[in-house]
Amino acid sequence: MAAHEYVVRTKGLVKIYTMGEEVLRALNGVDLDIRRGEYISIMGPSGSGKSTLFNAIGGLDKPDEGSVFINDVDMAQLDARELAYLRCHTIGYIFQTFNLIPVMTALENVTLPTVFAGAPTDQGIERGIELLNLVGLGHRLHHRPTQLSGGQQQRVAIARALANNPSIILADEPTGNLDLKTGEEIIELLRLLNREQGVTVISATHDYKMVNVSDRVVWIRDGKIAKIEERANIDIQVGQMAGEEH
């Protein structure tokens, strides 16, 4: 497969944290290629390195060694402005804690990335309404986060992540703060967006229900990739959860 068919490539990623005299290699030589349009779940126990890998792919944390390529661009070669531009236009972020701004309405939260991208106000509002309708919240445009359920807040966060038409969605424990039924709805919504919008979804998760909608699952342990499996080759009971570690 040609390099341009990969939306993300990591080469020899190493991330080291020093705590007193203890040295922790959170990532210890990670090589990973992610195809354009894939749905990938990064799974592993707490402390395995999956969130560190997630942050490195998203440009939220700089590795100590190795490289991250987004659309064949080496992120380490970008200056602060170029990195900010890439993150704004290429990557959408979804977090476990939603990270919505409490004083802003659902529509205002969703349109905020378009403001940062310099889009005209009318265009941003039109895009925000379109996305909130897409995630089933067209009737909640002017509600603030405190007036929304957890599942509705996560739907707003998903809409916000899509605001600037990113090619990659990074979802960090997107079902972590949701009940079982709502978590399943969010997983199905992400898969639907992946299929219909062609967005590459990369999720760091404990939730084994993610396996069912994933194209491949990347298992991380002790800062290394333990194995990468195609969905068809994984035999997991869907009722199985890893929520005890949340």
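Preceding block: the structure.
Source: prediction; values computed, not measured. (Residues numbered from 1 in each chain as written. Predicted model: local features only at pLDDT ≥ 70, side-chain atom pairs only at ≥ 80, totals over all residues. Heavy atoms only, no water.)

### Considerations on the side chain of Asp207
Next, step 1: By the element assignment, Asp207 lies in the loop between strand E8 (200-205) and helix H7 (210-213).
Next, step 2: A polar atom in the side chain of Asp207 sits 2.8 Å from the side chain of Thr175. (Helix = DSSP H or I, 4+ residues; strand = E, 2+ residues; numbered from the N terminus. Polar contact = N/O pair within 3.5 Å; in protein donor to acceptor, adjacent residues only side chain to side chain.)

### Observations regarding helix H5 (residues 150-161)
Next, step 1: Across its 12 residues, H5 extends 16 Å between first and last C-alpha, which sits within 8% of the 16 Å expected from 1.5 Å per residue.
Next, step 2: Among the 12 residues that make up H5, 11 are buried, leaving the element largely enclosed by the rest of the structure.
Next, step 3: Those residues of H5 that sit buried are Gly151, Gln152, Gln153, Gln154, Arg155, Val156, Ala157, Ile158, Ala159, Arg160 and Ala161.
Next, step 4: Turning to H5, the residues buried within the fold contact strand E6 (91-95), helix H3 (106-116), helix H4 (121-134), strand E7 (168-172) and helix H6 (180-197). (Expected span 1.5 Å × (residues − 1). Buried < 20%, exposed > 50% of the residue type's maximum accessible area, 1.4 Å probe, protein only. Contact = heavy atoms within 4.5 Å.)

### With respect to H6
Next, step 1: The end-to-end C-alpha distance of H6, which contains 18 residues, comes to 25 Å, matching closely the 26 Å that a straight helix rising 1.5 Å per residue would cover.
Next, step 2: Every buried residue of H6 is accounted for by Thr182, Gly183, Ile186, Ile187, Leu189, Leu190, Arg191, Leu193 and Asn194.
Next, step 3: Against strand E3 (39-43), E6, H4, H5, E8 and H7 lie the buried residues of H6.
Next, step 4: Of the residues flanking the start of H6, the one acting as N-cap is Asp179, its side-chain oxygen 3.2 Å from the backbone nitrogen of Lys181.
Next, step 5: Phi turns positive one or two residues past the end of H6, at Gly198, with a value near 70°.

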